[in-house]
Amino acid sequence: MRLIITEKNNSAQKIAEILSGGSAKENKSFTIPVFKWSDADGEHATVGTGGHGVERAFPEGKEFKQWKLDLIHGLVDAPLITRPTDGKKNVIRAVQKEAKAADSLIIATDFDREGELIGLESLEVAIDVNPDLEPTVKRARYSALTKEEIEGAFSNLDTLSYPLAHAAGARQDIDLIWGAAFTRAVSLMAKAYGANFLSVGRVQSPTLGLIVERELERRAHVYVPYWELFAKFEHPSGSSFETHHATDKFWEKLEADAAMSATADPGIVKSVTSRKNTSKPPTPYNTNSFQVDASSRLGITPKQAMNYAQDLYDDGFISYPRTDNTIYPDSLPLKKTVESLVKIKDFAAAAPLLDAPLTPTQGKKFDAAHPPIYPTHALYPSALDGPKARVYELIVRRFLATFSAPMITESTRADIEAGGETYFVRGKVVLDPGYAGIYTYARSSDEEIPALEEGQKLTLDGKPWMVDKETQPPARLSEAKLVQMMDEQGLGTKATRPDIIQKLYSRKYVRNHPPEPTATGMAMYEAFKEWVPEMATSEMTAGLEAEMDQIAEGKMTKDEVVDDSRKLVHSTFDNMREGEEALSKMIWAGMDKDRILGPCIVCKEAGRVKEDGSPNQLRIIRAKKSGKSFVGCSGWKPDDPEACDQTFPMPQPNFYEVTPLEENCSICHRTPRVSVKTRGRAGRPWKLCFNDDCPTMIEMREKKAERLAAQEAKKKMEELDGKKKKTTKAKAKPKKKSTAKPRTKTVAAAKAGGPPDLGTRRTKKAGSRNKTD
Ligand SMILES: [Zn+2]
Ligand SMILES: [Zn+2]
């Protein structure tokens, strides 16, 4: 039997379907689907591993488990072990069962470094039980799950590339060592224990640096005032139009005032000039340009874009989405693909492309492994779910645009002099949309200006007016821009970048979109920059990245590169220990700042302030004994009966993500307001005001009561229904009893999925809560 191992269950099924001509049957082996068929060449089976079946880990032993600063050097040098990934035991059993019965093995995992490593891991799992397979191993490389690609790959089998697999293996080891060593080091130094540990990563920290640097620039921005001048002129057609003074910005108000009062009738058209602009059609998508484009044009994150692209690839609708290539290889059936796409009504506008030979644009990067991302199957986008449809449509439109003509626009500018002051009006119209006809995202709406001739006299429509503005700080980096900058600085790989950004969110170093650093995120980066600059900048990690490329090219071994990285971790850790005290203080201050939600109104009304005169703040406090979090006032003192005793229960951070929304609720103006989301669960966050009497909270409770009543009514109906059925069907199963326990704890609410029931506000002092919890 010939055993074919793929990465996903979906590709195992697709490959079996294609190679068997539809006759393959699904069997289950240890609950894992295995697809089998036989033909003139004998029996065949495909099985998908669902990614890595094994993972790298530190060896067992107290000295590797315990978090202690003195154990970190030893941890870095620990010989790593390979063990089955959690939840993958059945996959390994299934692969081994099939491997025992097999006489040859084909690795058909995804065609990239990660796929090569998964292939090598699967191979090792298989030859563990059947060493005879080793000399038979072949590799099938394909870029799309289409009949042509799969048949081509299987009639042209290759060998497994150990250098490629080892390059991916080196990354795994290095990231594990870095992450563990510095996450422990920084968490221990900042005394951030348990669920509040501070994660540090080789690529993650310099990426955070990009976001923080921009934030620092924004904060350092000096707002400079300036003035802009506008005037309206009447046009013979009956309408009037707006013009802007030829001086873009007046930095002195006096000058703007003078120009405004000098403006006088009549306005005389001094010149009308037009210019044609040609914009070239875009180049084929590679991973990076796709992530950036999808994120900015569709308003989704680069990570979501990649997830949808992966789904579309698994469905056989697009080619492999992890590619550097921006040049179509000669082997691609371009004409056939265009022909099938334009039959879909949504893309029919591109049909004229077929009237001439297809000449695609090309980018600068070529990579023989995979073609650029292109559609491999024509279908109506409406057949797919919302965002997936939009991603598919974007890929199709981009593909068709690469064969299209340039877009030609004409911009016109007219200068009008009125009393010695010059004003201008500018317009832009599309003469020939070219590629923007199909790649509609690139099309801008026309801004037409009225027909004007040189020497024409115009009358002012009312008085000119002035608008005062000020210079703005540079914008925050969008996630698309961030992915692009990471690419330019060699941070991460095309496959890992979106996940790294996601991690910054989940560790609460950034929040909101575009990402904005929290005080903790700012402090982490600033502390690194000062005490361990190699952690904060891209150079060192980009250097390691280059060494991993050398493994892939066979110029360095995995051991050499991992050892180099161990040396770097040792020296960086030593530097960190030298600055330990200052570093931990900086991070501590940042974490403290993030706990503050807003001013305490009760203290403000009572005239209570801190010793330094600043207002008392409501902040998140973690009770030492119970570990539970609550909101308390910084003005509370254990033995002072006059001190502020404001406390509020809050959703526990272990189960809920709590993000500050407003320092002071804009509805009731009594307490801060936060946004709450159940951890690890999709769904919209809800807004929570800590003031129980806030209209927003009253409304929320009413809605909840309505919902519960509706559920209750439904349950009654079902019970009645059940009784009816029982009378007709004697063997009806007894209904499961719904748990009637009151949901008082947030844990129960987390399971129920609704907003947590916080109970009524407690008026006990923050300190006394510890005993009751
Ligand atoms: Zn207070
Ligand atoms: Zn409120």
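Predicted model, so just to flag it, every value in this text is computed and none were measured.

**Brief notes about the overall build of the protein**
(1) Moving on: If you tally the helices and strands in the protein, you get 24 helices and 24 strands.
(2) Moving on: Projected onto its principal axes, the C-alpha positions of the protein cover 95 × 85 × 75 Å.
(3) Moving on: Within the protein, buried positions represent 45% of all 773 residues.
(4) Moving on: Residue pairs in contact within the protein that sit at least 24 positions apart in sequence constitute 71% of those at least 6 positions apart.
(5) Moving on: By element, 51% of the accessible surface of the protein is carried by carbon and sulfur atoms, the whole surface being about 39100 Å².
(6) Moving on: Across the protein, the 115 positively charged side chains and the 109 negatively charged ones have centroids separated by 9 Å.

**A look at the nonpolar core**
Generally speaking, a soluble globular protein has its nonpolar side chains buried in company with each other.
(1) Moving on: Of all hydrophobic cores here, the largest spans 64 residues; its most connected members are Leu 198, Met 524, Phe 528, Met 576 and Ile 587.
(2) Moving on: For this core, the element with the most residues is helix 7 (residues 162-189), which contributes 12 residues.
(3) Moving on: Among all residues touching Met 576, those that are not within four sequence positions of it are Phe 182, Ala 185, Val 186, Met 189, Phe 528, Val 532, Met 535 and Leu 583.
(4) Moving on: Membership of the second largest hydrophobic core comes to 58 residues, among which are Tyr 320, Val 342, Ile 344 and Ala 401.

**Details of helix 19 (residues 558-578)**
(1) Moving on: Compared with an ideal rise of 1.5 Å per residue, which puts 21 residues at 30 Å, helix 19 spans 31 Å between its outermost C-alpha atoms and is within 8% of the ideal.
(2) Moving on: Residues Val 561, Val 562, Ser 565, Arg 566, Val 569, His 570, Thr 572, Phe 573 and Met 576 constitute the buried set of helix 19.
(3) Moving on: Where helix 19 is buried, its residues touch helix 3 (72-77), helix 7, helix 16 (519-531), helix 17 (533-536), helix 18 (539-552) and helix 20 (580-595).

**Description of the packing of aromatic side chains**
(1) Moving on: Under the defined criterion, the tally for this structure stands at 17 aromatic pairs.
(2) Moving on: Arranged with centres 6.4 Å apart and planes meeting at 40°, the rings of Tyr 435 and Tyr 439 form a pair that is tilted.
(3) Moving on: We classify Tyr 435 as buried; its relative accessible area is 7%.
(4) Moving on: With a relative accessible area of 2%, Tyr 439 lands in the buried category.

**Description of the coordination of the zinc ion (ligand 1)**
(1) Moving on: Summarising the metal site, the zinc ion (ligand 1) is bound by the protein donors Cys 600 (SG), Cys 603 (SG), Cys 633 (SG) and Cys 644 (SG), whose distances to it range over 2.3 Å.
(2) Moving on: Between the 4 donor atoms coordinating the zinc ion (ligand 1), the angles at the centre fall across 103 to 113°, so the site counts as tetrahedral.
(3) Moving on: Look at where the donors of the zinc ion (ligand 1) fall in the sequence and you get C-x2-C-x29-C-x10-C. Highlighted residues: Cys 603 in helix 21 (residues 601-606) and Cys 633 in strand 20 (residues 629-633), separated in sequence by 30 residues.
(4) Moving on: Here Cys 603 falls in the buried class, since its relative accessible area comes to 0%.
(5) Moving on: Cys 633 gets classed as buried once you look at its relative accessible area, which sits at 4%.

**Considering the coordination of the zinc ion (ligand 2)**
(1) Moving on: Note on the zinc ion (ligand 2): its protein donors are Cys 665 (SG), Cys 668 (SG), Cys 689 (SG) and Cys 694 (SG). The metal-donor distances range over 2.3 Å.
(2) Moving on: Because the angles between the 4 donor atoms bound to the zinc ion (ligand 2) fall within 102 to 116°, the donor set is best described as tetrahedral.
(3) Moving on: The sequence pattern formed by the donor residues of the zinc ion (ligand 2) is C-x2-C-x20-C-x4-C. Here Cys 689 lies in strand 24 (residues 686-689) and Cys 665 lies in the loop between strand 22 (656-662) and strand 23 (673-678), a separation of 24 residues in the sequence. Each of the two residues, Cys 665 as well as Cys 689, counts as buried.

**Description of the side chain of Thr 402**
(1) Moving on: With respect to the secondary-structure elements, Thr 402 resides in the loop between helix 13 (386-401) and strand 12 (407-418).
(2) Moving on: Within the structure, the side chain of Thr 402 is placed 2.6 Å from the backbone oxygen of Phe 399, a separation counted as a polar contact.
(3) Moving on: Not counting residues up to four positions away in its chain, the partners in contact with Thr 402 are Pro 282, Thr 283, Pro 284, Tyr 328, Thr 359, Pro 360 and Thr 361.

**So, the confidence of the model for the protein**
(1) Moving on: Counting all residues, the mean pLDDT for the protein is 88, and 93% of those residues have values of 70 or more.
(2) Moving on: In the predicted structure, residues 759-773 sits below a pLDDT of 50 and forms 31 contacts with residues beyond four places in sequence or in another chain.

**Some remarks on the sheet that holds strand 18 (residues 596-599)**
(1) Moving on: Spatial ordering of the open sheet is given by 18-19-20-21, a layout of 4 strands whose pairing is antiparallel. Lying at the two open borders of the sheet, with one neighbouring strand each, are strand 18 and strand 21 (647-649). Across this sheet, the average inter-strand angle for adjacent strands is 25°, counted without regard to direction.

**Some words on the pairing of strand 9 (residues 225-234)**
Strand residues, when the strand is regular, have side chains that alternate between the two faces of the sheet.
(1) Moving on: Taking burial as the measure, the 10 residues of strand 9 include 7 buried ones, the bulk of the element.
(2) Moving on: Examined bridge by bridge, strand 9 and strand 15 (residues 465-470) share 6 bridges and lie antiparallel to one another. Within strand 15, the position partnered with Pro 225 by the bridge is Glu 470.
(3) Moving on: In this sheet, strand 10 (residues 240-245) lies alongside strand 9 in antiparallel orientation, the contact comprising 5 bridges. Directly across from Glu 234, in strand 10, lies its bridge partner Ser 240.
(4) Moving on: In sequence, strand 9 turns back onto strand 10 through a hairpin of 5 residues, with Gly 238 there showing a positive phi of about 110°.

**Concerning the environment of Gly 632**
(1) Moving on: One can find Gly 632 in strand 20.
(2) Moving on: For the pair Gly 632 and Asp 645, spaced 13 residues apart in the sequence, the C-alpha separation amounts to 7.6 Å.
(3) Moving on: Setting aside its immediate chain neighbours within four residues, Gly 632 contacts Gln 617, Leu 618, Arg 619, Ile 621, Gln 646 and Thr 647.

**Notes on the pattern of salt bridges**
Charged atoms that come close allow side chains of opposite charge to pair.
(1) Moving on: A full pass over the atoms with the stated rule returns 42 salt bridges.
(2) Moving on: Across the salt bridge formed by Arg 113 and Asp 549, the nearest N and O atoms sit 2.4 Å from each other. Of this pair, Arg 113 sits in helix 5 (residues 113-129) while Asp 549 sits in helix 18, and the two are 436 residues apart along the sequence.
(3) Moving on: Exposure remark for Asp 549: the relative accessible area of 34% places this residue in the partly exposed category.
(4) Moving on: A salt bridge links Lys 469 to Glu 228; the shortest N-O distance between them is 3.1 Å. One end of the pair, Lys 469, is in strand 15; the other, Glu 228, is in strand 9, with 241 residues separating them in the sequence.
(5) Moving on: Of the residues examined, Glu 228 reaches a relative accessible area of 8% and is grouped as buried.

Conventions used here
Residues numbered from 1 in each chain as written. Chains lettered and ligands numbered in written order. Predicted model: local features only at pLDDT ≥ 70, side-chain atom pairs only at ≥ 80, totals over all residues. Heavy atoms only, no water. Helix = DSSP H or I, 4+ residues; strand = E, 2+ residues; numbered from the N terminus. Buried < 20%, exposed > 50% of the residue type's maximum accessible area, 1.4 Å probe, protein only. Contact = heavy atoms within 4.5 Å. Areas by Shrake-Rupley, 256 points an atom, 1.4 Å probe, with all protein chains shown as cover. Lys, Arg positive; Asp, Glu negative; His and termini not counted. Charge placed at Lys NZ, Arg CZ, Asp CG, Glu CD. Core = buried A, V, L, I, M, F, W, Y, C linked by side-chain atoms within 4.5 Å. Expected span 1.5 Å × (residues − 1). Phe/Tyr/Trp six-rings, centres within 6.5 Å; stacked < 30°, edge-to-face > 60°. Donors = N, O, S within 2.8 Å, 3.2 Å for Na, K, Ca; no water. Tetrahedral: all angles 85-135°; square planar, octahedral: opposite > 155°, others 65-115°. Polar contact = N/O pair within 3.5 Å; in protein donor to acceptor, adjacent residues only side chain to side chain. pLDDT = per-residue confidence, 0-100. Pairing = 2+ DSSP bridges. Axes fitted to C-alpha atoms, helices over the stretch in contact; angles between N-to-C directions. Salt bridge = Lys/Arg side-chain N within 4 Å of Asp/Glu carboxyl O.

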